[in-house]
Amino acid sequence: YFAGNFLDRKEAVDFCGRKTDDSKALALLKDAMKDPYHGIRELALEKINMKNTRIKNEFEPLIATLVKTEKNRPVKASMISALGKTENNTYQSLYISNITDSSYSVAGAALEALSKIDSITALEWAKKLSNEPAKGRLDASINSILVASGNEEVFDRLAVKFNELELSNEKFMLMQ
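My aim in this report is to walk through the structure given alongside it, one point at a time. (Residues numbered from 1 in each chain as written. Predicted model: local features only at pLDDT ≥ 70, side-chain atom pairs only at ≥ 80, totals over all residues. Heavy atoms only, no water.)

If you walk through the whole model with that rule in mind, you get eight salt bridges. The salt bridge partner of K10 is D14, with a shortest N-O separation of 2.8 Å. Note that K10 and D14 are positioned in helix α1 (residues 6-17) at a spacing of four residues, about one turn of the helix. For D14, a relative accessible area of 14% corresponds to the buried category. The structure contains a network of salt bridges with shared partners spanning K10, D14 and K47. (Salt bridge = Lys/Arg side-chain N within 4 Å of Asp/Glu carboxyl O. Helix = DSSP H or I, 4+ residues; strand = E, 2+ residues; numbered from the N terminus. Buried < 20%, exposed > 50% of the residue type's maximum accessible area, 1.4 Å probe, protein only.)

Have a look at this one:
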């Protein structure tokens, strides 16, 4: 709470991230999620385990509130991913509203989270978005949902895309 620079705040968040059984450490992590610097907010998100019921119950409402006002796109994507791990149907409208975000990372995280609670709606969105330009996380999310659907026409689309790509990281990611 008294750390003035980034490195000191980072050390405090790292320390508290290893002590999540302590209520004071969790309180500091909650406050770190409201830090003015996006790097500290991102780090605090990384330190919480949403699979842990106690932590999930404490952090889920906070993340659901903060995601609506978050300006930094990578942090927003991380918040949506964290909410997606809860598999709570309450956030379906939040996911759908963020699928069309201008950030591919936010849109991809929203599509992935939606697929965990409503695979049919996620497949509809993936088919719709597959006809539009997509990169990074959104492209990976679209491809994984389409492949999981088992539709044979998806293979043709992905095979054409794969052949058009030059040797790059994107081609290796599509290979999976």
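Look at helix α7 (residues 104-117) against helix α9 (residues 136-149): their axes get within 7 Å of each other, and the N-to-C directions meet at 25°. If you check the angle between α7 and α9, you find them roughly parallel. In this structure, α7 crosses over α9, and the sense of that crossing is left-handed. In this structure, α7 uses Y104, S105, A107, G108, A109, L111, E112 and S115 to contact α9, whose residues at the interface are R137, L138, S141, I142 and I145. (Axes fitted to C-alpha atoms, helices over the stretch in contact; angles between N-to-C directions. Parallel < 35°, antiparallel > 145°, perpendicular 65-115°, else oblique. Left-handed = near helix turned anticlockwise from the far one by under 90°. Contact = heavy atoms within 4.5 Å.)

We now examine the environment of K127. Within the element layout of this structure, K127 appears in helix α8 (residues 119-129). On the basis of relative accessibility, which here comes to 40%, the residue K127 falls in the partly exposed class. Distance in space between the C-alpha atoms of K127 and V154 is 9.2 Å, their sequence separation being 27 residues. Sequence-distant contacts of K127, that is, excluding residues within four places in its chain, are made with L146 and N151.

Here we take up the environment of L129. Note on placement: L129 falls in helix α8. Overall, L129 belongs to the buried group, its relative accessible area being 7%. C-alpha separation for the pair L129 and S81, spaced 48 residues apart in sequence, amounts to 19 Å. Discounting chain neighbours no more than four positions away, the residues touching L129 are I99, L111, L138 and I142.

Ring pairs (aromatic) are described by centroid distance and by the angle formed between their planes. Counting across every chain of the model gives two aromatic pairs. Ring geometry for F6 against Y37: centres 5.3 Å apart, planes inclined by 80°, an arrangement best described as edge-to-face. Of the two residues, F6 sits in helix α1 while Y37 sits in the loop between α2 (23-32) and α3 (38-47), which places them 31 residues apart along the sequence. Judged by centre distance (6.5 Å) and plane angle (55°), the ring pair of Y91 and Y95 falls under tilted. For Y95, a relative accessible area of 0% corresponds to the buried category. Of note, K30 hangs over the ring of F59, and the distance from its end group to the ring centre comes to 5.9 Å. (Phe/Tyr/Trp six-rings, centres within 6.5 Å; stacked < 30°, edge-to-face > 60°. Lys NZ or Arg CZ within 6 Å of the ring centre and 35° of its normal.)

Moving on, we come to the side chain of D139. Relative to the helices and strands, D139 is located in helix α9. Setting aside chain neighbours within four positions, we find D139 in contact with A134, K161 and E170.

Moving on to the environment of S97. By secondary structure assignment, the location of S97 is in helix α6 (residues 92-98). A sequence separation of 13 residues divides S97 from G84, and the C-alpha atoms of the two residues are 14 Å apart. Side-chain polar atoms of S97 contact the backbone oxygen of L94, separated by 2.9 Å. (Polar contact = N/O pair within 3.5 Å; in protein donor to acceptor, adjacent residues only side chain to side chain.)

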